[in-house]
Amino acid sequence: MENRSGLVVGAVVNHADGFAECASALRLLDCVPGGHAKTVGADKAYDTRDFVNDCRARNVTPHVARNDECYGNSAIDGRTSRHAGYRISQVIRKRIEEHFGWGKTIGRIRQTVYRGIKRRVDQHFKLTMAASDLTRMARMPSVVPQGALQ
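Visitor: Can you walk me through the nonpolar core in this structure?
Guide: Across soluble globular proteins, nonpolar side chains show a tendency to be buried alongside one another. Among the nonpolar cores identified, the biggest contains 15 residues, and Leu-29, Tyr-46, Phe-51, Cys-55 and Val-64 are the most heavily contacted of them. Looking at this core element by element, the count peaks at four residues for helix α1 (residues 20–30). If we ignore the near neighbours within four places in the chain, the residues touching Leu-29 are Val-40, Cys-55 and Val-60. Val-8, Ile-109, Val-121 and Met-129 belong to the second-largest nonpolar core, a separate cluster that totals seven residues.

Visitor: Whenever I open this one, the packing of α1 against helix α2 (residues 49–57) confuses me. Can you help?
Guide: At their nearest, the axes of α1 and α2 sit 11 Å apart, and the two run at 5 degrees to each other. What the angle tells us is that α1 and α2 run roughly parallel. Contact residues: Cys-22, Ala-25, Leu-26 and Leu-29 in α1; Phe-51, Asp-54 and Cys-55 in α2. Split into classes, the residues belonging to the contact of α1 with α2 amount to six nonpolar, no polar and one charged.

Visitor: Just to check I follow, could you spell out the pattern of salt bridges for this structure?
Guide: Inspection of the entire model under this criterion finds five salt bridges. One salt bridge in this structure joins Asp-30 and Arg-58, with 2.6 Å as the shortest N-O distance. Taken together, the positions of Asp-30 in helix α1 and Arg-58 in the loop between α2 and β2 (60–64) put the pair 28 residues apart, joining distant regions of the chain. Residue classification places Asp-30 among the partly exposed residues on the basis of a relative accessible area of 48%.

Visitor: Mind showing me how you'd approach the state of the cysteines here?
Guide: Note on terminology: a disulfide is the covalent bond linking the sulfur atoms of two cysteines. Taken as a whole, this structure holds zero disulfides when the rule is applied. Here Cys-22 is not disulfide-linked; the sulfur of Cys-55 is the nearest cysteine sulfur, at 8.4 Å. Judged by relative accessible area, Cys-55 falls into the buried class, the value being 0%.

Visitor: Could you clarify how one ought to interpret the side chain of Ser-5 in this entry?
Guide: Note on placement: Ser-5 falls in the segment before α1. A relative accessible area of 19% places Ser-5 in the buried class. Non-local contacts of Ser-5, meaning those with residues more than four positions away in its chain, are made with Arg-95, Arg-136 and Met-140.

Visitor: I would appreciate a short explanation of α2 in the present structure.
Guide: Because each turn of an α-helix spans 3.6 residues, side chains separated by three or four positions in sequence point in the same direction. Regarding α2, the residues found buried are Phe-51, Val-52 and Cys-55. Take α2 and look down its axis: the buried residues cluster within an arc of 95 degrees, on one side only. In α2, the exposed positions angled more than 90 degrees off the buried face are occupied by Asp-50 and Ala-57. Elements in contact with the buried residues of α2: α1, β1 (38–42) and β2. A positive backbone phi angle near 60 degrees is found at Asn-59, which sits one or two residues after α2.

Quick notes on the rules
- Residues numbered from 1 in each chain as written.
- Predicted model: local features only at pLDDT ≥ 70, side-chain atom pairs only at ≥ 80, totals over all residues.
- Heavy atoms only, no water.
- Core = buried A, V, L, I, M, F, W, Y, C linked by side-chain atoms within 4.5 Å.
- Buried < 20%, exposed > 50% of the residue type's maximum accessible area, 1.4 Å probe, protein only.
- Helix = DSSP H or I, 4+ residues; strand = E, 2+ residues; numbered from the N terminus.
- Contact = heavy atoms within 4.5 Å.
- Axes fitted to C-alpha atoms, helices over the stretch in contact; angles between N-to-C directions.
- Parallel < 35°, antiparallel > 145°, perpendicular 65-115°, else oblique.
- Nonpolar A, V, L, I, M, F, W, Y, C, P; charged D, E, K, R; others polar.
- Salt bridge = Lys/Arg side-chain N within 4 Å of Asp/Glu carboxyl O.
- Disulfide = S-S within 2.5 Å.
- Arc of directions from axis to C-beta.

Structure follows, in structure tokens:
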């Protein structure tokens, strides 16, 4: 999800085995274009040394929620969590749940009728996220360039 507009920019379906989520997130980060500074917001499940180090190797700042209760403490140290951008990302990252909630109630992804991740389930999920984006864009305030209404 892109933080400024709250639109989904990438979606993928995998088996939830505890490792696929981080691997999928890294693959999605590799697809983000541009040479600008990038950040990724995530919940406590992504607070692993491997994921944080892989993000930093890609020049992506990991704004991952700190999991201080895990063995060995959090992989997120003070150089990341002390910035105001980290706190903002922790608030905004929860907006992705709006897309999942919309998809479960309206887009029928709660219990899919399709079988096979590679084809139909993944396509259904991506189409649902695109439809969620369209409904969000319809409710966004339109920005009219200054002087365009003359």
